[in-house]
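Reading the structure
Listed below, chain by chain, are the residues.
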Protein chains: 2
Amino acid sequence: MSILVVGSIALDTVETPYGNASDSPGGSALYFSAAASHFSSVKVVGVVGKDFDFSLIDFLKAREVNFDGLMVEEGQTFRWGGRYKKNMNDRDTLFTYLNVFESFKPNIPPHYQDTPFIFLANIDPELQLNVLREIKNPRLTVLDTMNFWISGKRAELENVLHRVDIVILNDEEIREYTGENNLFEAGKALLKVGPHALVIKKGENGALLMTDNGYFLAPAYPIDRVVDPTGAGDSFAGGFLGYLATCKSIDEMAFRQAVVYGTIVASYTVEDFSFSKLREISRDDIDDRYVKFQQMLAF
Amino acid sequence: MSILVVGSIALDTVETPYGNASDSPGGSALYFSAAASHFSSVKVVGVVGKDFDFSLIDFLKAREVNFDGLMVEEGQTFRWGGRYKKNMNDRDTLFTYLNVFESFKPNIPPHYQDTPFIFLANIDPELQLNVLREIKNPRLTVLDTMNFWISGKRAELENVLHRVDIVILNDEEIREYTGENNLFEAGKALLKVGPHALVIKKGENGALLMTDNGYFLAPAYPIDRVVDPTGAGDSFAGGFLGYLATCKSIDEMAFRQAVVYGTIVASYTVEDFSFSKLREISRDDIDDRYVKFQQMLAF
C-alpha cells in the first residue's frame, strides 16, 4: 500500500572525515522516499526552489515515488551545511538557509488524501496537525520531531502526539521531552501521552521499540566504515514504514520486523554521501543483510 | 569446572542519584565471584587489610568460592569512593586509597595452579603475566584491563594480550588501545594482536562479541531503575566465564550464550548497591531473565 510523506527537501553540504559533498540531495522527505520506495509506493509533499535539479530524483520516480505534491516556489531550495567530528556522532551545523522551506505550508492534493500510511517527518507540529486534518481515515500515522520543536512548541507537539499511532524519536529527544534519563522510563512516559508504539533511535547503538506488549531491542547493523550519517534517521523511518505498508497484519511481530528493516536500510544510507547507496542497492541487498543480521543475533 | 580469579578486593563508597553506600564490599575479584558463583566454583587470589570484615563474604563461601588465595596484610583494605552523575554513565572518583593493594603480588597456591578457567581482572599487566606463568595448561584465559594500563604499560599489556584467549574491554578502552573510532575496525585490530575472541562492553548499549566467525550483537537487558553501575563490568565477566565453565564444548554458540548470561547477571548487579542483588538472586532468577531476553529479541 501507499505512503504519504510530508517533510523537507534540501541540498546538503557535508564534511566528514571521509570526504565532502556539496549541494547533494537530502532532507527528510527525500531520505524517507529513497528508503521506503524499496518496499512500497510513496507520495511526497514538500517544497523546492526554482533552482532544484529534478534529474537528482529521477530514480525515485522510476520507483513509484509520486511528486504531484511537490511545490516549486520562487527562490532557492532549503540548504543545510554540516561538519561531522571524528566520532561520527557529533556534528557542527555550518549553515542553515531555510529559503523556500521557511514559508512551507503543506498542501495535500485531493488524490493523496486517502493514503493509508502517513509519515509526518520533522516539521513544525502545527503543520503536522494540519496535515492530519486533511487525511481521511489513515490506517497508520507515524511522527518524527526534533529538539527544536520539543522546546519551542511543546503544547502544539503534544497535540499531534495525541493523534498519531507511532512516534519515532532519538534518545536525546525523548530524554528532553520527558525529563527522564532512563530510556525505558522515558518511553513509558511518552506512551502515556497517546501513541500506541514508540521507536527510540540510538544511532550506532541500535533502536528500541516499545509497545503495550513490551520491549523489542535491536542493535545497529555493523558498519566498518561510516562515511556520512546524514539521513540515517529518516531512512530508518522509510524502511520501517515502507515494510509495514506491505504487511497484511500490522501486529507486534510486524512492528519488530519493520524496526529491523529500518535498521538495515539505515546501515546502507551511512555507507556513502547523500542517498547514493540507497539509489544503488536493490530489495535483494536489503534482504541479504536482513538474513545476515538474524545470524548475528542468534544465540 | 572451576575458575581462578585474580583481582582487587575493595571497600567502596558510592553516591548515586538513588542513595549512598559506605565501605560496602566491592572490587573486581568480589564482583566477579558474586556473579560466577551462580554457575561454577571459584578460587580467589587477592589481598585485604586486617580491617576487612569477613562476614561480608560468608555467602560466597557458601557458594563454593574458595578464599585460600586471599592474603591478609598489615594495614587497610583498598578503598575507592565515587559519585555518579545523573546519566549514570559518567562518574567522578572522589578518592582512591590503594592501601595493601598497592604492593599486591599475586601468589597462586599450588592447589590453584591447575584451574582450567582463568580470569585476569584489571590489575598491572606485569602481574597478570606472572599469574599466567604459574598456571599449568589452562583451558581458557580471559583478560580485563583499563585505560590506566593501556596508556601507562602498553608494552607489558601487549605481552599479556599475546597469551590470552579472550579479552573483555569497554568501548572507550578499545578505542584508546587501537586508535580506531569505529568499534568493528577497532575489534579487528585487537584480534590481530593475539586473542581468539573479544567482548566489547558498551554499558547500557549492550555488548559486542567478535571472533573469527564474525559478530554477535547483544543489547543490554532493560532496567528501569539503575541504582549503582559499579561492578557491572566485572559481574558481566563473572556471568560470561561462569557459564562457559559449565559448557562441554566451548564454541561460537557457547560464547554467544555466555555473553547473554554476562548481560543478564550485570543487569541484576546495577539494580542495587554493591552486590546486594547478586547475593539475593538464584540461578533460576538468572534463567528467568534469559528467557525474557530471548523474547525481547525475537522478530
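In case you missed it, the structure is sitting above this.
Residues numbered from 1 in each chain as written. Chains lettered and ligands numbered in written order. Predicted model: local features only at pLDDT ≥ 70, side-chain atom pairs only at ≥ 80, totals over all residues. Heavy atoms only, no water.

Observations concerning the pattern of salt bridges
All names here are of chain A. Note the cut-off: What counts as a salt bridge is simple: a side-chain nitrogen of Lys or Arg found within 4 Å of a carboxyl oxygen of Asp or Glu. Counting from the N terminus, the helices are the DSSP runs of H or I reaching at least four residues and the strands are the DSSP runs of E reaching at least two. Burial classes: relative accessible area under 20% of the type maximum marks a residue as buried, over 50% as exposed, and values in between as partly exposed (1.4 Å probe, protein chains only).
A complete count under the given rule lists 32 salt bridges over all chains for this structure. Here D287 makes a salt bridge to R283, at a shortest N to O gap of 3.2 Å. Residue D287 and its partner R283 are both found in helix α11 (residues 283-297); the two are separated by 4 residues, about one turn of the helix. We classify D287 as partly exposed; its relative accessible area is 24%. Taking the shortest distance from any N to any O, the salt bridge between K292 and D288 comes out at 4.0 Å. Remark: D288 and K292 occur in helix α11; sequence separation between them is 4 residues, near one turn of the helix.

Quick look at the interface of chain B and chain A
Worth spelling out the cut-off: Note on definitions: a residue-residue contact is assigned when non-hydrogen atoms from the two residues lie within 4.5 Å. Buried area, as used here, totals the accessible surface that two parts lose on assembly, with accessibility defined by a 1.4 Å probe and the loss added over both. Whenever a nitrogen or oxygen atom comes within 3.5 Å of another N or O atom, the pair is scored as a polar contact, on the condition that within protein one atom can donate a hydrogen and the other can accept it, and that pairs from neighbouring residues in sequence are kept only if both atoms are in side chains. Nonpolar residues are Ala, Val, Leu, Ile, Met, Phe, Trp, Tyr, Cys and Pro. Charged residues are Asp, Glu, Lys and Arg, and all others, Gly as well, are polar.
Across the contact, 35 residues belong to chain B and 35 residues belong to chain A. Counting the surface chain B buries against chain A, the share from its top three residues, B:L217, B:D224 and B:F299, is 28%. On the surface where chain B and chain A come into contact, there are 4 salt bridges. In this structure, B:R175 and A:E204 form a salt bridge, with 3.6 Å as the shortest nitrogen-oxygen distance. Taken together, the connections running from chain B to chain A amount to 18 residue pairs in polar contact (both at pLDDT 80 or more). For the side of chain B that touches chain A, the secondary-structure elements that each account for two or more residues are α7 (183-193), β13 (214-218), α9 (252-269) and α11 (283-297) of chain B. The element best represented in the side of chain B that touches chain A is α11(B), accounting for 6 residues. Of the residues assigned to the side of chain B that touches chain A, the class counts are 18 nonpolar, 8 polar and 9 charged.

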